[in-house]
Amino acid sequence: MDQSALKELAARAAVDAIKDRYDKEIALGIGTGSTAECFIKMLPEIKDRIEVTVASSERSAALLAELDIPVSDLNASGPLDVYVDGADEINGALEMIKGGGAALTREKIIAGASEHFICIADQSKRVSELGAFPLPVEVIPIARSHVARLLADLGGTPVWREGVITDNGNVVLDVHGLRLNEPGPVEALINQMVGVVTNGIFAHRPADDAFLAGSAGVQRMTREIRS
Ligand code: 5RP
């Protein structure tokens, strides 16, 4: 099965989970990327359960509008019931690296405003330790070189994603070679750097469920809630 068929399978599992979980109209957060787009294209079939959507990128918002799905913004929508998005890497604790599509800041905001977070991906995104995928960091443009030096001091090799401007008007540094066996503290440390808007580690707001599609089917992983 090719990767696009696996993405479709993962997206289908999320649609089914939403049908099972909610019998009311929901406020739905929508992610960005090729797997999220598979999910968006399936939304017309559950349109009657959607009160409103909030998208994590202009591209996803445009696709939703094309399909005649109601799109709002987070200030108007209030808290969201569920957020569905892909990932660049996901570990066993459902912590992720995201931002390959440069939408990490809006993704993190919408994930934080959602009661439930479903990650959809093909099995190639499952890792035992995060960090092989270069960590995206969204940076205010004038701080680019300054933040790059701070990230190098942390032991990473930042590479400017030239030509890419985020929906928020900022730039992205992709940091290679960071050790992320404890992603939470690194997420907090990088977010403390002046000039950083946010970074693509999702450890403080991991997914609650993940549907990971492989040739043997879809594996569901559910996060253990620690008290
Ligand atoms: C965009 C993201 C995406 O979720 C991530 O890059 C995965 O994309 P895809 O589904 O195309 O593999 O974080 O900023």
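Residues numbered from 1 in each chain as written. Predicted model: local features only at pLDDT ≥ 70, side-chain atom pairs only at ≥ 80, totals over all residues. Heavy atoms only, no water.

What follows deals with the sheet that holds strand E5 (residues 89–90). In space, the three strands of this open sheet follow the order E5-E6-E12, with antiparallel pairing throughout. At either margin of the open sheet sits one strand with a lone partner, and together these are E5 and strand E12 (201–202). Here two bridges tie E5 to strand E6 (residues 96–97), and the two strands are oriented antiparallel to one another. The partner of Glu89 across the bridge, within E6, is Ile97. (Pairing = 2+ DSSP bridges. Helix = DSSP H or I, 4+ residues; strand = E, 2+ residues; numbered from the N terminus.)

The next point concerns the site of the ligand. Every one of the 17 residues lining the ligand counts as a neighbour, but Ser34, Thr35, Asp88, Gly99 and Lys125 are closest to it. A distance of 2.5 Å separates an oxygen atom of the ligand from a polar side-chain atom of Thr35. Between Gly86 and the ligand, the recorded distance is 3.3 Å, taken from a backbone N or O atom to an oxygen atom. Along the lines of polarity and charge, the residues of the shell around the ligand split into three nonpolar, eight polar and six charged. (Near = heavy atom within 4 Å. Polar contact = N/O pair within 3.5 Å; in protein donor to acceptor, adjacent residues only side chain to side chain. Nonpolar A, V, L, I, M, F, W, Y, C, P; charged D, E, K, R; others polar.)

In this section: the sheet that holds strand E8 (residues 135–139). What the four strands build is an open sheet, ordered E9-E10-E8-E11; its pairing is antiparallel. Looking at the sheet topology across the chains shown, the edges are occupied by strand E9 (157–160) and strand E11 (196–199). The average angle at which neighbouring strand axes cross in this sheet is 30°, direction not considered. Set on the sheet, helix H6 (residues 144–153) makes contact with E8, E9, strand E10 (171–176) and E11; between it and E10 the angle comes to about 15°. Contacts from helix H7 (residues 183–191) reach E8 and E11, with the element oriented near 165° to E11. (Axes fitted to C-alpha atoms, helices over the stretch in contact; angles between N-to-C directions. Contact = heavy atoms within 4.5 Å.)

On to the domain arrangement of the protein, then. Here the domain parsing of the protein yields domain 1 (3–127 + 204–222) and domain 2 (135–200). Inter-centroid distance (C-alpha atoms) of domain 1 to domain 2 is 24 Å. Domain 1 puts 16 residues into the contact, and the matching count from domain 2 is 20 residues. Area buried by domain 1 at its contact with domain 2 is led by Leu104, Lys108 and His204, which between them contribute 38% of it. The tally of links between domain 1 and domain 2 comes to one salt bridge. Run the count over domain 1 and domain 2 and you get 11 residue pairs in polar contact (both at pLDDT 80 or more). Looking at the side of domain 1 that touches domain 2, the elements with two or more residues in it are E6 and helix H5 (104–112). Among the elements that make up the side of domain 1 that touches domain 2, the one with the highest residue count is H5 (four residues). When grouped by side-chain class, the residues that make up the side of domain 1 that touches domain 2 number four nonpolar, seven polar and five charged. (Domains from an automatic or database assignment. Buried area = accessible area lost by both parts, 1.4 Å probe. Salt bridge = Lys/Arg side-chain N within 4 Å of Asp/Glu carboxyl O.)

Let's shift gears to the side chain of Thr105. Checked against the element boundaries, Thr105 lands in helix H5. Using a relative accessible area of 9% as the deciding quantity, one classes Thr105 as buried. A polar contact is formed between the side chain of Thr105 and the side chain of Glu138, at a distance of 2.6 Å. (Buried < 20%, exposed > 50% of the residue type's maximum accessible area, 1.4 Å probe, protein only.)

Now for the environment of Ala11. The residue Ala11 is located in helix H1 (residues 3–21) in this model. Judged by relative accessible area, which is 0%, Ala11 ranks as buried. Between the alpha carbons of Ala11 and Cys38 there is a distance of 6.1 Å; along the sequence they are 27 residues apart. Setting aside residues no more than four positions away along its own chain, Ala11 makes contact with Thr35, Cys38, Phe39, Met42 and Ile120.

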